[in-house]
Amino acid sequence: MAKARLKAPPRELTTVLDFVRYAATRFGAAKLVFGQGTQDAVEEAIFLVFEALGLPIDRLDPFLPARLAASERRKIFSLIEKRIRARVPAAYLLHCAYLQGMRFYIDERVIVPRSYLAELLYGDLFSGENPLLDPAAVTRVLDLGTGSGCLAILACRVFPNAQVDAVDLSKEALQVAAINVSEHDFKDRITLLKGDLFEPVGDAIYDIILANPPYVDAAAVAALPAEYRREPLKAHKGGADGLDIVRRILAEAGAHLSPGGGLLCEIGRGREILERDYPDLGFLWLDTAESTGEVFWLTADELQQ
Ligand SMILES: C[S@@+](CC[C@H](N)C(=O)[O-])C[C@H]1O[C@@H](n2cnc3c(N)ncnc32)[C@H](O)[C@@H]1O
């Protein structure tokens, strides 16, 4: 069957702003799903248009009135169509995503970075008057389920004296992490390890363990929208109630923490279940701009009881 030819972009669209507006309207009308690096149709439109043009997404205003060349109009129009028809998240179309202003290379071998841990790492947990730990004293960090390597790389920024071990079960994810580690120039500080949770690190001890594990429950995995089904399933599947891997982390983390250290873990919506199943653990629940009670901090003391 002959391939349908892509229509030309409407002639009335000439400026960057025109294309952002057009994309946002089309995305909204098509009822796309967001949350993979952008929150809504307008954010996704801005990201797609600016990134496709190689423009800085943190400096929109000067570029909005700029007129586009014919080749740029065609390129952006084709990306808008693909975003709608194939339900491919913009981050995969553009091969990049931002977390705390840092740019990461992304493709379908990894989940699109959006962990709440990023905001917490960069917030006042490890700075200001009463940090959970003095960031300068943190020398060993473990990132469990590193995916694109984004949290391991942020950790290098937040803990200037730390060496970071970054583990993933997925060989393909580690290939993407290697690209990011190299692009961010942290090859001497981050070690990428393939394996199942703590297995590849032996009996190593860390000051901080970071984990954004798969935590989507089986019913929600079965109902994932098309955009999320483009991501590796391994990054989502958390078992019947979503907490299979979280429970394994809770069981093993204590043996890998230094005195005074702790575990920072994202768990999705499973807070009530965890509090019911672990009544003696003193979870410190941490909120972010977009989440309530989806991340906890547990000290080595709590985990070693
Ligand atoms: C939710 S993603 C998080 C990726 C990255 N840390 C981030 O925040 O964007 C979970 C990651 O854990 C990995 N993973 C799943 N099960 C694992 C296991 N048993 N051991 C190690 N990694 C695992 C997946 O391959 C995936 O890359």
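For the structure itself, look to the data block above.
Quantities reported herein were computed from a predicted structural model and do not represent experimental measurements.

Parameters and conventions
Residues numbered from 1 in each chain as written. Predicted model: local features only at pLDDT ≥ 70, side-chain atom pairs only at ≥ 80, totals over all residues. Pairing = 2+ DSSP bridges. Helix = DSSP H or I, 4+ residues; strand = E, 2+ residues; numbered from the N terminus. Axes fitted to C-alpha atoms, helices over the stretch in contact; angles between N-to-C directions. Contact = placed C-beta atoms within 7 Å. Expected span 1.5 Å × (residues − 1). Parallel < 35°, antiparallel > 145°, perpendicular 65-115°, else oblique. Left-handed = near helix turned anticlockwise from the far one by under 90°. Nonpolar A, V, L, I, M, F, W, Y, C, P; charged D, E, K, R; others polar.

K.L.:
Before we move on, can you summarise the sheet that holds strand β6 (residues 206-211) with the specific residues and values?
P.N.:
With mixed pairing, the seven strands of this open sheet are ordered in space as β5-β4-β3-β6-β7-β9-β8. Here the strands that pair on one side only, and so sit at the sheet edges, are β5 (190-194) and β8 (284-288). The mean inter-strand angle of the sheet, taken between neighbouring strand axes irrespective of direction, is 20°. For β6 and strand β7 (residues 257-266), the ladder comprises five bridges, and the chain directions are parallel. Residue pairing for β7: A211 is matched across the bridge by C265. Where helix α10 (residues 244-253) meets the sheet, its contacts fall on β3 (140-144), β6 and β7, and the angle it forms with β7 comes to roughly 175°.

K.L.:
Lay out helix α7 (residues 171-183) in plain terms, naming residues and giving numbers.
P.N.:
Here α7 spans 19 Å end to end across 13 residues, near enough to the 18 Å set by a 1.5 Å rise per residue. The inward-facing, buried residues of α7 contact β2 (102-105), α6 (150-158), β4 (163-168) and β5. Count one or two residues on from α7 and you reach D185, which has phi positive near 65°.

K.L.:
Explain the packing of helix α1 (residues 16-29) against helix α2 (residues 41-52) residue by residue, including any values.
P.N.:
The N-to-C vectors of α1 and α2 enclose an angle of 135°; their axes lie 8 Å apart at closest approach. When the axis of α1 is compared with that of α2, the two are oblique. Note that α1 runs across α2; the crossing there is right-handed. Across the interface between the two elements, V16, F19, V20, A23, A24, F27 and G28 from α1 touch A41, V42, E44, A45, I46, L48 and V49 from α2. Of the residues in the contact of α1 with α2, the class split is 12 nonpolar, one polar and one charged.

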